[in-house]
Amino acid sequence: MGKQEESKNKKNEKIINTAFRIFVEKKIEPVSITEIAEKAGVGRATVFRYYPTKVDLAIAVCSAKWKEYLDELDAKRPIASVKDIPAIDRLIFTLDSYIDMYQNHKDLLQYNENFNHFVSHSGGVETAGMMADFQASLYSVDTRLHMMYKRAQEDHTFRTDIPEEEFMRVTVHTMMTACAYYAGGFIWGSKNNKDYTPELLRVKEMILNYMKVNAWKKEIRSICEQVLWILFYDAIS
């Protein structure tokens, strides 16, 4: 990498990190490109050269910060390990990762809420071109969850009698929403600077209870397997 390219990357990184910090503190709508440029120590024209609109910048920030977090997650438990781990253990790891995000990455959760509100009120944001990088940054998440569900269809460690999309909504999406709302202080009666990890652990417990394969079904399956084995053994004896 040449010096010029390295300089451009460092400048872009400074813009991304500055915008992220300000967007978390003030939300995205009221922040101007001029303010970001001043805080990043670059010219306003430089920011526009990288990102023609604030929408482009917001998407780039979201992509970059999620990629950082997901790379860290992949380092702990690579996607390739899905086939080697029971689906229920993978689900528990995923739910725990959101609680860890609440404990150690509140700013990312807060930004995500701000971003969702911003893009839902910005016309034309849904176009494939503008959202391409953002969707690419979520590839790791979508792949993990899909593989986890398929794994559960094989090992039966959590229920798959509900459609995959519903599984996503009632498990990981619910967990992430709870973490985000506690991180942002959106839960009625919640207080600033209080640790709501115990409440999130209860949410996790409720999700896992909902996803458990019914105990009686497992017991019946076990009994049927034993009966079939006895019948088979008698038949060949």
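Worth saying up front: this structure is predicted, and the values here are computed from it rather than measured.

Draft legend 1. Representation of the overall build of the chain within the structure. Within the chain, the secondary structure is distributed over 11 helices and zero strands. Mapped in sequence order, the helices and strands of the chain form the string α-α-α-α-α-α-α-α-α-α-α. Sorting the 237 residues of the chain into buried and exposed places 38% on the buried side. Taking all contacts inside the chain whose residues are at least 6 apart in sequence as the whole, residues at least 24 apart take part in 73%. Surface summary for the chain: the accessible area is close to 13,900 Å², and the carbon and sulfur share equals 55%.

Draft legend 2. Region of the structure containing helix α10 (residues 197-211). Taking 1.5 Å as the rise per residue, α10 with 15 residues should run 21 Å; its terminal C-alpha atoms sit 21 Å apart, in good agreement. For α10, every residue scored as buried is listed here: T197, L200, V203, K204, I207, L208 and M211. Across the axial projection of α10, the buried residues extend over an arc of 135°, all falling on one side. Where the residues of α10 are buried, they touch α5 (87-104) and α9 (164-184).

Draft legend 3. The arrangement of the packing of helix α1 (residues 3-26) against helix α2 (residues 33-40) in detail. In the contact formed by α1 and α2, the axes pass within 9 Å of each other and the chain directions differ by 120°. The pairing of α1 with α2 is recorded here as oblique in orientation. When the axes of α1 and α2 are compared, the crossing they make is right-handed. Residue-level contacts link K14, I15, T18, A19, R21, I22, F23 and K26 of α1 to E35, I36, K39 and A40 of α2. Residues belonging to the contact of α1 with α2 are distributed by class as follows: six nonpolar, one polar and five charged.

Draft legend 4. Focus on the packing of aromatic side chains. A complete count under the given rule lists eight aromatic pairs for this structure. Ring geometry for Y149 versus F167: centroids 5.4 Å apart, planes at 40°, classification tilted. One end of the pair, Y149, is in helix α8 (residues 139-155); the other, F167, is in helix α9, and 18 residues separate them in sequence. For the pair Y149 and F167, a shared accessibility class is recorded, and that class is buried.

Draft legend 5. Representation of the side chain of E35 in the model. By secondary structure assignment, the location of E35 is in helix α2. The residues touching E35, leaving out its near neighbours within four places in the chain, are I22 and K26.

Draft legend 6. A look at unusual backbone geometry. Even without glycine at this site, K27 takes up a positive phi of about 70°. For K27, a relative accessible area of 42% corresponds to the partly exposed category. Phi is positive for H156, close to 55°, though the residue is something other than glycine. You can see H156 is positioned in the loop between α8 and α9. For H156, a relative accessible area of 39% translates into the label partly exposed.

Draft legend 7. Structural detail: the nonpolar core. L57, L91, Y111, F158, F167 and M175 are the most contacted members of the largest nonpolar core, which has 65 residues in total. For this core, the secondary structure elements donating two or more residues are α1, α2, α4 (54-76), α5, α6 (106-120), α8, α9 and α10. In terms of residue count, the dominant contributor to this core is α4 (11 residues). Residues in contact with F167, not counting those within four places in the same chain, are L91, L145, M148, Y149, F158, I162, V172 and M211.

Draft legend 8. Seen up close, α6. Relative to the 21 Å expected for 15 residues at 1.5 Å per residue, α6 spans 21 Å between its end C-alpha atoms, a close match to the ideal helical length. Burial in α6 covers these residues: L108, L109, Y111, N112, N114, F115, F118 and V119.

Draft legend 9. Here's a closer look at the packing of α1 against α6. Contact geometry of α1 with α6 gives a least axis separation of 9 Å together with a crossing angle of 75°. What the angle tells us is that α1 and α6 run roughly perpendicular. Contacts between α1 and α6 involve F20, F23 and V24 from the first element and D107, L108, Q110, Y111 and N114 from the second. Taken together, the residues of the contact of α1 with α6 sort by class into five nonpolar, two polar and one charged.

Draft legend 10. Structural view of the confidence of the model for the chain. Overall, the prediction assigns the chain a mean pLDDT of 83, with 79% of residues at 70 or greater. Mean pLDDT across the elements of the chain ranges from a minimum in helix α11 (residues 215-236), with 56, to a maximum in α2, with 96.

Conventions adopted
- Residues numbered from 1 in each chain as written.
- Predicted model: local features only at pLDDT ≥ 70, side-chain atom pairs only at ≥ 80, totals over all residues.
- Heavy atoms only, no water.
- Helix = DSSP H or I, 4+ residues; strand = E, 2+ residues; numbered from the N terminus.
- Buried < 20%, exposed > 50% of the residue type's maximum accessible area, 1.4 Å probe, protein only.
- Contact = heavy atoms within 4.5 Å.
- Areas by Shrake-Rupley, 256 points an atom, 1.4 Å probe, with all protein chains shown as cover.
- Expected span 1.5 Å × (residues − 1).
- Arc of directions from axis to C-beta.
- Axes fitted to C-alpha atoms, helices over the stretch in contact; angles between N-to-C directions.
- Parallel < 35°, antiparallel > 145°, perpendicular 65-115°, else oblique.
- Left-handed = near helix turned anticlockwise from the far one by under 90°.
- Nonpolar A, V, L, I, M, F, W, Y, C, P; charged D, E, K, R; others polar.
- Phe/Tyr/Trp six-rings, centres within 6.5 Å; stacked < 30°, edge-to-face > 60°.
- Core = buried A, V, L, I, M, F, W, Y, C linked by side-chain atoms within 4.5 Å.
- pLDDT = per-residue confidence, 0-100.

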